[in-house]
Amino acid sequence: MGKDFTSALRPAIVMTILFAALLGIAYPLAMTGIGQAIFPHQANGSLVEANGRVIGSEVVGQAFVSDRYFQTRPSAAGKGYDGLASSGSNLGPTSQALADRVKVDVAKRRAEGVMGAMPADLVTASGSGLDPDLSPEAALAQVARVARVRGLDVEQVRALVVAHTQDSVLGDPHINVLALNRALDALTK
């Protein structure tokens, strides 16, 4: 029986080492190399630069605190858009903590001038807490504030929102907030 055990142990150890090297080293290196060769922009985080400095990412949301900008969704990631704490809040629809947080966010948006039906993505976080996009309705709800603060015509800002609305193959139309705010800055320079 001892000989059977040792003769079975050697192939098990060899296979464990082989698959650890193959799946833990070779495969990740190959995928990283292919990603860098075929999709270098995406493989490096879809970073956006301005004046030689990284200002954000196309695929990770960030907070815009000035009233001069379109605001993003609330973030459930850490203390706000912390990529190391990416996750949803896991608060369900019957959670009092979620209801209290949403009430605060609704009051904040009303104080900013959002009238009528409140778009859900202005007061609720995404699953990752790092969503870079808004619905067209959420962006349009902020047009009056942005136009007022920047001294622009409301229709000019509304047209900018419409121009930045992207259709999606599998989902609803969306607007990348960083791209919209960059276009807004270019418009007012």
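Keep in mind that this is a model prediction, so the values were computed, not measured. (Residues numbered from 1 in each chain as written. Predicted model: local features only at pLDDT ≥ 70, side-chain atom pairs only at ≥ 80, totals over all residues. Heavy atoms only, no water.)

## Brief notes about the overall build of the protein chain
Reasoning step 1: If you tally the helices and strands in the protein chain, you get seven helices and five strands.
Reasoning step 2: Secondary structure elements of the protein chain occur, N-terminal to C-terminal, as α-α-β-β-α-β-α-α-α-β-β-α.
Reasoning step 3: Expected size for 189 residues packed as a compact globule is a radius of gyration near 16 Å; at 24 Å, the protein chain overshoots this value by more than 25%.
Reasoning step 4: Oriented by its inertia axes, the alpha-carbon framework of the protein chain measures out at about 85 × 45 × 30 Å.
Reasoning step 5: Going through the 189 residues of the protein chain one by one, you find that 28% of them count as buried.
Reasoning step 6: Taking as baseline every contact in the protein chain between residues at least 6 positions apart, the subset at least 24 positions apart corresponds to 56%.
Reasoning step 7: Total accessible area computed for the protein chain in this model is approximately 11800 Å², and 62% of it derives from carbon and sulfur atoms.
Reasoning step 8: Distance between charge centroids for the protein chain: 6 Å, based on 17 positive and 17 negative side chains. (Helix = DSSP H or I, 4+ residues; strand = E, 2+ residues; numbered from the N terminus. Rg over C-alpha atoms; globule rule 2.2 N^0.38 Å. Buried < 20%, exposed > 50% of the residue type's maximum accessible area, 1.4 Å probe, protein only. Contact = heavy atoms within 4.5 Å. Areas by Shrake-Rupley, 256 points an atom, 1.4 Å probe, with all protein chains shown as cover. Lys, Arg positive; Asp, Glu negative; His and termini not counted. Charge placed at Lys NZ, Arg CZ, Asp CG, Glu CD.)

## Things to note about the environment of A141
Reasoning step 1: Residue position: A141 is located in the loop between α4 (136-140) and α5 (143-150).
Reasoning step 2: Sequence-wise, A141 and P119 are 22 residues apart; in three dimensions their C-alpha atoms are separated by 7.8 Å.
Reasoning step 3: Excluding its chain neighbours within four sequence positions, the residues that come into contact with A141 are V114, P119 and L122.

## What about α5?
Reasoning step 1: Listed in full, the buried residues belonging to α5 are V143, R145, V146, A147 and R150.
Reasoning step 2: Buried-residue contacts for α5 involve α3 (96-112), α4, α6 (154-163) and α7 (177-187).
Reasoning step 3: Looking one or two places after α5, you find G151, whose phi comes out positive at around 70°.

## Brief notes about the packing of α6 against α7
Reasoning step 1: Remark: α6 packs on α7, axes separated minimally by 10 Å, with the N-to-C direction vectors making an angle of 140°. It follows that α6 is oblique to α7 by the angle criterion. Between α6 and α7 lies a crossing whose hand is right-handed. For the pair formed by α6 and α7, the contact residues are Q156, L160 and V161 on the first element and L180, A183, L184 and L187 on the second.
Reasoning step 2: Of the residues belonging to the contact of α6 with α7, the class tally is six nonpolar, one polar and no charged. (Axes fitted to C-alpha atoms, helices over the stretch in contact; angles between N-to-C directions. Parallel < 35°, antiparallel > 145°, perpendicular 65-115°, else oblique. Left-handed = near helix turned anticlockwise from the far one by under 90°. Nonpolar A, V, L, I, M, F, W, Y, C, P; charged D, E, K, R; others polar.)

## Overview of the UniProt feature "transmembrane region" (unreviewed entry) in the protein chain
Reasoning step 1: Per the UniProt record, "transmembrane region" (unreviewed entry) is found at residues 12-30.
Reasoning step 2: Within residues 12-30, the helical portion is 100% and the strand portion 0%, while the C-alpha atoms at the span's ends are 25 Å from each other. (UniProt positions renumbered as here; feature names shortened; annotations may be inferred.)

## Some details on the side chain of R145
Reasoning step 1: Relative to the elements of secondary structure, R145 occurs in helix α5.
Reasoning step 2: On the basis of relative accessibility, which here comes to 3%, the residue R145 falls in the buried class.
Reasoning step 3: Within the structure, R145 has its side chain in polar contact with the backbone oxygen of D67 (distance 2.7 Å).
Reasoning step 4: Here the side chain of R145 touches Y69 through a polar contact of 3.0 Å, landing on its backbone oxygen.
Reasoning step 5: Those residues in contact with R145 that lie beyond four places of it in its chain are S66, D67, R68, Y69, F70, Q71 and E112. (Polar contact = N/O pair within 3.5 Å; in protein donor to acceptor, adjacent residues only side chain to side chain.)

## What to know about the sheet that holds strand β3 (residues 133-134)
Reasoning step 1: One open sheet holds the three strands; their spatial order is β3-β5-β4, and the pairing between them is antiparallel. Two strands in the sheet have a free side with no partner beyond their single neighbour: β3 and β4 (165-166).
Reasoning step 2: Sheet topology places β4 next to strand β5 (residues 174-176); two bridges connect them, and they run antiparallel. Of the residues in β5, the one forming a bridge with T165 is I175.
Reasoning step 3: On top of the sheet, α7 reaches β3 and β5; it is set at about 60° to β5, its chief contact. (Pairing = 2+ DSSP bridges.)

## Points about the pairing of strand β2 (residues 53-57)
Reasoning step 1: Inspection of the sheet shows strand β1 (residues 47-50) paired to β2 by four bridges, in the antiparallel sense. When the sheet's bridge partners are listed, A50 is paired in β2 with R53.

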